[in-house]
Amino acid sequence: FFFKQKTAYEISTRDWSSDVCSSDLNDVLEEAVREYIETFCADTQPAALHALRALACMWMERMAAFNPHLGGAVWRGTATELSDIYLQLFCDDPKSAELLLIDKQVRYDVSTVQGFHGDVVDALSVLCPCPGLEQHGAVQKVLVHLMIYDRDDLRGALKPDSQGRPQRGNLQAVKQLMEKDACS
């Protein structure tokens, strides 16, 4: 929030609380992140993004019963090797995803976080190795956050952002992004 306030001040925006301002600030911040990546991470970021998206696809396949959607920096293309993966699961029963992890003997932590509508949702966080990301010769571990939503929340989740871009994508959309990146 402080960074948004500072950015708002720097671009002479006075009303930090309005949705329009928040949306505009998010666009400004995302553009600044993209410029930073182009300047300082251009040699490593594409491979890191690919590795993170591949891991996200693996988890989306594992959690397919819950209509997973990828969001955040990994979806937007601004992720680096330091980024976490955010998957949104849309469940009939909020405990069903947790039960699946227990059945598969996956260790996880539970927390509550602010969801995309501003409400509080459960997040199941799993620390797992990310093939393709290496640090000092060892495979780097990444946090995958499985955010639990009601199945009905999916309708609102598919609304585009202020620039008409999707804010999240399903497995097919993520694979399309990976194919597009491989061709460029």
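Scroll up a little and you will see the structure.
Residues numbered from 1 in each chain as written. Predicted model: local features only at pLDDT ≥ 70, side-chain atom pairs only at ≥ 80, totals over all residues. Heavy atoms only, no water.

In this section: empty space enclosed by the protein. Left-over empty space is what a probe sized like a water molecule reveals as it rolls over the atoms. Enumeration over the complete set of coordinates arrives at one cavity of 30 Å³ or more. Of the pockets and cavities examined, the largest cavity occupies roughly 40 Å³. Taken together, P94, K95, E98, V110, D122, L124 and I148 form the lining of the largest cavity. A breakdown of the residues in the lining of the largest cavity according to their chemical character gives four nonpolar, no polar and three charged. (1 Å grid on protein atoms, 1.4 Å probe; cavity = no way out; pocket = protein on both sides within 12 Å on 5 of 7 lines; lining within 4 Å. Points joined across faces, edges and corners; volume = space filled by probe spheres on them. Nonpolar A, V, L, I, M, F, W, Y, C, P; charged D, E, K, R; others polar.)

So, on to the packing of aromatic side chains. The geometry of two aromatic rings is summed up by the distance between their centres and the angle between their planes. Taken as a whole, this structure holds three aromatic pairs when the rule is applied. Here F90 and F116 contribute two aromatic rings whose centre-to-centre distance is 6.4 Å and whose plane-to-plane angle is 50 degrees, an arrangement assigned as tilted. With a gap of 26 residues between them, F90 in strand 2 (residues 85-91) and F116 in the loop between strand 3 (109-114) and strand 4 (120-135) connect regions that are remote in the sequence. Owing to a relative accessible area of 25%, F116 belongs among the partly exposed residues under this scheme. (Phe/Tyr/Trp six-rings, centres within 6.5 Å; stacked < 30°, edge-to-face > 60°. Helix = DSSP H or I, 4+ residues; strand = E, 2+ residues; numbered from the N terminus. Buried < 20%, exposed > 50% of the residue type's maximum accessible area, 1.4 Å probe, protein only.)

Now for the sheet that holds strand 1 (residues 69-71). If you trace the five strands from one edge of the open sheet to the other, you get 1-2-5-4-3, paired in mixed fashion. Pairing within the sheet leaves two strands with one partner each, and these edge strands are strand 1 and strand 3. Each neighbouring strand pair of the sheet contributes to a mean axis angle of 40 degrees, computed without reference to strand direction. Taken together, the three bridges between strand 1 and strand 2 define a ladder with antiparallel strand orientation. Paired with L70 across the two strands is L87, which belongs to strand 2. (Pairing = 2+ DSSP bridges. Axes fitted to C-alpha atoms, helices over the stretch in contact; angles between N-to-C directions.)

Interpretation in functional terms is not warranted from these geometric data alone.
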